[in-house]
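Next come the chains, spelled out residue by residue.
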Amino acid sequence: MEELLGFEICNARYKPLAELLIRKYDELRHIDPDSLLFVLNRKNPGKSRRSKVLLAQTYKVPAKWQEIIYQLGGLSYFFLIEFYEKSISVLDGNQMTALVYRELRRITLNGNVAAPDVHEWYQVLQGLGRHWFYPDATCPDLLADNVDWKKLMGPNYEPPLPMEG
């Protein structure tokens, strides 16, 4: 049956990671980890229309689906983080941590999901390097005691924007 399904709920795998990141980084403290639904997309190859690699996308769960999901299991999910299995299969633990951090940063203070923009990509590239998600790349462990996003960014650090997006 598992081969028939194109999507897998993977909260058990990624929610603990999100909880650790939210606890460590002040800019993520507005996020309730219980409001996050993590899904692994096994169907989509993780390519955008312009043949760019997609690692993950974050969405706000529409109110209708929040209610349906709640009725099915008694849980309320407001955000869905979708990972593309074929794209993330080569990532190591540190790269996955960085990816979850990047997606959590997109959840704004007012409860919306900001569209990826040049500002956010600049922050990720400055902190992690241009090839942070490549198979042979080294990526810092954002959960290590001696690693902090502000330290990685140095004078280039900017907090996430409280966008209306």
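This text goes with the structure placed above it.
Rules used in this analysis
Residues numbered from 1 in each chain as written. Predicted model: local features only at pLDDT ≥ 70, side-chain atom pairs only at ≥ 80, totals over all residues. Heavy atoms only, no water. Core = buried A, V, L, I, M, F, W, Y, C linked by side-chain atoms within 4.5 Å. Buried < 20%, exposed > 50% of the residue type's maximum accessible area, 1.4 Å probe, protein only. Helix = DSSP H or I, 4+ residues; strand = E, 2+ residues; numbered from the N terminus. Pairing = 2+ DSSP bridges. Phe/Tyr/Trp six-rings, centres within 6.5 Å; stacked < 30°, edge-to-face > 60°. Contact = heavy atoms within 4.5 Å.

Asks: Sorry, what's going on with the nonpolar core here?
Replies: Counting residues in hydrophobic clusters, the biggest one holds 37 residues, and the most contacted among them are Tyr14, Leu21, Phe83, Ile88, Leu99, Leu104 and Leu142. Counting only elements with at least two residues in this core, the list comes to α1 (11-24), β2 (36-41), β4 (79-84), α4 (93-105), α5 (118-128) and α6 (149-153). At six residues, the largest contribution of residues to this core is made by α4. Among the nonpolar cores identified, the runner-up in size contains five residues, and Leu37, Val61, Tyr77 and Leu80 belong to it.

Asks: Mind showing me how you'd approach the pairing of β4 here?
Replies: Regular strands show a simple pattern: their side chains alternate between the two faces of the sheet. A large share of β4 lies buried, amounting to six of its six residues. Judged by which residues are buried, β4 turns out to be covered on both faces: Phe79, Ile81 and Phe83 on one side and Leu80, Glu82 and Tyr84 on the other are all buried. Two strands pair when backbone bridges link them, and β2 and β4 are joined in this way by six bridges, in the parallel orientation. From the neighbouring strand, Leu37 faces β4, where its bridge partner is Leu80. Inspection of the sheet shows strand β3 (residues 56-60) paired to β4 by five bridges, in the antiparallel sense. For Thr58, the partnering residue across the bridge sits in β4 and is Ile81.

Asks: Just checking my understanding: could you explain the environment of Asp148 for this structure?
Replies: Among the secondary structure elements, Asp148 is positioned in the loop between α5 and α6. When the C-alpha atoms of Asp148 and Tyr25 are compared, they prove to be 8.0 Å apart, with 123 residues separating the residues in sequence.

Asks: Sorry, what's going on with the pairing of β2 here?
Replies: Of all six residues in β2, six are buried; the element is thus mostly enclosed. Every second residue of β2 is oriented toward a common face, with Leu36, Phe38 and Leu40 on one face and Leu37, Val39 and Asn41 on the other, all of them buried.

Asks: It is not clear to me how the packing of aromatic side chains should be interpreted in this structure. Could you clarify?
Replies: Any aromatic ring pair is given by two values, namely how distant the centres are and how the planes are angled relative to each other. This model, assessed by the stated rule, comprises six aromatic pairs. Ring plane angle 45° and centroid distance 6.2 Å describe the contact between Tyr14 and Phe38, whose orientation is recorded as tilted. On the criterion of sequence distance, the pair formed by Tyr14 in helix α1 and Phe38 in strand β2 is long-range, its members being 24 residues apart. The burial state of Tyr14 is the same as that of Phe38; both residues are buried. One aromatic cluster in this structure is built from Tyr14, Phe38 and Phe83.

Asks: Just to check I follow, could you spell out the environment of His30 for this structure?
Replies: Positionally, His30 belongs in the loop between α1 and β2. The class for His30 is partly exposed, based on a relative accessible area of 32%. Distance in space between the C-alpha atoms of His30 and Leu109 is 6.3 Å, their sequence separation being 79 residues. Apart from the residues lying within four places of it in its own chain, the contact partners of His30 are Ile107, Thr108 and Leu109.

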